[in-house]
Amino acid sequence: MKKLKLILVLFAVSTVIFQSCSSNDDSVNTEKSSALRMFLREMKAANNISGRNSSNDSNMCFEFVYPITLSYNNGTTVAVSNQVALFSILENETDELYIDGISFPFEIIVAGTTSPVTINSEEGFWEVIQTCDMDTYDDVIGEGPCYTFVYPFSLITMNNQVIVVTSEQALYNLIDDDNEDNYIVDFVYPFSVVSNNETIQIDNAYEYEQLINNCVASNCNCPDVYAPVCVEIGGQVIEFPNSCTAECAGYSSDDFVDCNSTNDSFEDRLDSCLNISYPVQVQYNGAIITAQNDSQLLQLYNPAQNHIPLFNYPITVSFEDNPSITYTVATENGLIELMNIHCN
């Protein structure tokens, strides 16, 4: 009898897999979707899939109308016939093989309704996630007390803007933007983080999802306060938003260095590594004055009072180690961070 039950279980599992999988069906086009990964992360948490902690406040306010067609990161497509099949797929994701695309259009059923809603595009998918108050990257980026970003890195917003983030403060300013319709929808990969005293490169959305899900926030409970401390790693000065987050990443107060410390003056850096796109405006002696070149700029600040000129941001800069790449800098801390990276 036990053997018969085992055979029936195996048959049921194999049936789910057989009904769900197809390989490289050229007749079905899928698109990579960061919204899909965010939705699947919520689904895993809500259903305790792959060891995720069950969420008591999950915002799973809609479900797919099946079948749907998804695709793996290697290009293989999979036709998913029901929710049980989707759970099976999610339980078997790995770093090497994971879902990253979906075929548009597809339909959803919103909780409390019976009429299907058609989702025609990635933008529409993000809009329904936002309407359901599910987490976006604006939310999860702030959930990582066990790591810090290596600056600069770039983010993509809902309005398809690519924004270069040069410091922790610039990141907080972006997250705190009052424009709720222009939230973060993806990273420009790869980027790096520092966790447990180690610099880790993140190559895709699944790897970042693994990172944030593996953070043990309860061991930190760090305040959402910007009081930056810095550590030097491999010759680069890395900024943490406060000492608590630095300690959660494996550092102690003995590792902290001056975030603004430098062996070179601003004049030295301007001469040797920093290129500024002129004209720029500078606050000097209570007035706003325009500088057209390096020589004029150096006359518009007092090194005894300010370690760099009081620019009216944003300004555009580049560096001698790779002059073809330009950065739009929004804050003084962002400029200092870039100089610490490129001028040491």
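First, a word on scope: everything that follows refers to the structure included in this document.

Cut-off values and rules
- Residues numbered from 1 in each chain as written.
- Predicted model: local features only at pLDDT ≥ 70, side-chain atom pairs only at ≥ 80, totals over all residues.
- Heavy atoms only, no water.
- Patch = residues over 30% accessible without salt bridge, like charges linked within 9 Å, V, L, I, M, F, W, Y side chains within 5 Å.
- Areas by Shrake-Rupley, 256 points an atom, 1.4 Å probe, with all protein chains shown as cover.
- Salt bridge = Lys/Arg side-chain N within 4 Å of Asp/Glu carboxyl O.
- Lys, Arg positive; Asp, Glu negative; His and termini not counted.
- Charge placed at Lys NZ, Arg CZ, Asp CG, Glu CD.
- Helix = DSSP H or I, 4+ residues; strand = E, 2+ residues; numbered from the N terminus.
- Buried < 20%, exposed > 50% of the residue type's maximum accessible area, 1.4 Å probe, protein only.
- Pairing = 2+ DSSP bridges.
- Axes fitted to C-alpha atoms, helices over the stretch in contact; angles between N-to-C directions.
- Polar contact = N/O pair within 3.5 Å; in protein donor to acceptor, adjacent residues only side chain to side chain.
- Core = buried A, V, L, I, M, F, W, Y, C linked by side-chain atoms within 4.5 Å.

## Describing a negative patch on the surface
Then, in step 1: A cluster of acidic side chains, namely Glu-267, Asp-268, Asp-271 and Asp-294, defines a negative patch on the protein surface.
Then, in step 2: Considering each element in turn, the negative patch owes the most residues, 3 residues, to helix α9 (residues 266–272).
Then, in step 3: Counting through the fold element by element, Asp-268 comes out in helix α9.
Then, in step 4: Owing to a relative accessible area of 38%, Asp-268 belongs among the partly exposed residues under this scheme.

## Digging into the environment of Asn-48
Then, in step 1: Its place among the elements puts Asn-48 in the loop between α2 (34–46) and β2 (62–64).
Then, in step 2: Linking Asn-48 and Glu-91, residues 43 residues apart in sequence, is a C-alpha distance of 9.7 Å.

## Some remarks on the pairing of strand β4 (residues 77–80)
Then, in step 1: Where strand β3 (residues 68–72) lies against β4, 4 bridges are found, and the strand directions are antiparallel. Its bridge partner being in β4, Thr-69 is matched across the sheet by Ala-79.

## So, the sheet that holds β2
Then, in step 1: Pairing in this open sheet of 3 strands is antiparallel, and the strands run β2-β6-β7 from one edge to the other. Looking at strand neighbours, the two that pair on one side only are β2 and β7 (117–119), the edges of this open sheet. Taken pair by pair, the neighbouring strands of this sheet meet at an average axis angle of 40°, ignoring direction.

## Digging into the sheet that holds strand β22 (residues 326–329)
Then, in step 1: Spatially, the 3 strands line up as an open sheet ordered β17-β21-β22, and their pairing is antiparallel. Only two strands of the sheet have a single neighbouring strand rather than two, namely β17 (274–276) and β22. The sheet shows a mean angle of 35° between the axes of neighbouring strands, direction not considered.
Then, in step 2: Both strand β21 (residues 315–319) and β22 contribute to a ladder of 4 bridges, which runs antiparallel. Residue pairing across strands places Thr-316 opposite Thr-328, the latter belonging to β22.

## Describing the pattern of salt bridges
Then, in step 1: Going through the model one piece at a time under the given rule, you end up with 5 salt bridges.
Then, in step 2: The partner of Lys-44 in a salt bridge is Glu-93, with the nearest N and O atoms 2.6 Å apart. Placement of Lys-44 in helix α2 and of Glu-93 in the loop between α3 (83–91) and β5 (99–102) is noted, with a sequence separation of 49 residues between them.
Then, in step 3: Judged by its relative accessible area of 1%, Lys-44 is buried.
Then, in step 4: Salt-bridge contacts for Lys-44 lead to Glu-209; the nearest nitrogen and oxygen are separated by 3.9 Å. Residue Lys-44 is found in helix α2, and its partner Glu-209 is found in helix α7 (residues 205–214); the two are separated by 165 residues along the sequence.

## Quick word on helix α6 (residues 168–175)
Then, in step 1: Across the 8 residues of α6, 6 count as buried, placing the element largely inside the fold.
Then, in step 2: Among all positions of α6, only Glu-168, Ala-170, Leu-171, Tyr-172, Leu-174 and Ile-175 are buried.
Then, in step 3: Among the residues of α6, the N-terminal cap falls to Ser-167, whose side-chain oxygen and the backbone nitrogen of Ala-170 are separated by 3.1 Å.

## Digging into helix α11 (residues 332–342)
Then, in step 1: Within α11, 9 of the 11 residues are buried, which leaves it mostly tucked inside the rest of the structure.
Then, in step 2: What α11 keeps buried is the set Gly-334, Leu-335, Ile-336, Glu-337, Leu-338, Met-339, Asn-340, Ile-341 and His-342.

## Describing the nonpolar core
Then, in step 1: Residues Phe-64, Phe-125, Tyr-137, Ile-141, Phe-149 and Tyr-208 are the most contacted members of the largest nonpolar core, which totals 57 residues.
Then, in step 2: Looking at this core, the element that brings in the most residues is α2, giving 6 residues.

## Some points on the pairing of strand β10 (residues 162–165)
Then, in step 1: Bridge count for strand β9 (residues 153–157) against β10 is 4 bridges, and the pairing is antiparallel. In the sheet register, Phe-153 faces β10, and the bridge partner there is Val-165.
Then, in step 2: Between β9 and the antiparallel strand that follows it, β10, lie 4 residues; Asn-160 among them carries a positive phi value of about 65°.

## Structural notes on unusual backbone geometry
Then, in step 1: In this structure, the amide linkage connecting Tyr-189 to the following residue, Pro-190, adopts the cis form with an omega of -5°.
Then, in step 2: Within the fold, Pro-190 resides in the loop between β11 (184–187) and β12 (191–195).
Then, in step 3: Residue Pro-314 is reached from Tyr-313 by a cis peptide bond, and omega for that bond is 5°.
Then, in step 4: The phi dihedral of Asp-133 falls on the positive side, at around 65°, and the residue is not glycine.
Then, in step 5: Looking at the secondary structure, you find Asp-133 in the loop between α4 (122–131) and α5 (137–140).
Then, in step 6: Taking the relative accessible area as the measure of exposure, Asp-133 reaches 56% and is therefore exposed.
Then, in step 7: For Asn-160, which is not a glycine, the phi torsion comes out positive at approximately 65°.
Then, in step 8: Looking at the secondary structure, you find Asn-160 in the loop between β9 and β10.
Then, in step 9: Judged by its relative accessible area of 65%, Asn-160 is exposed.

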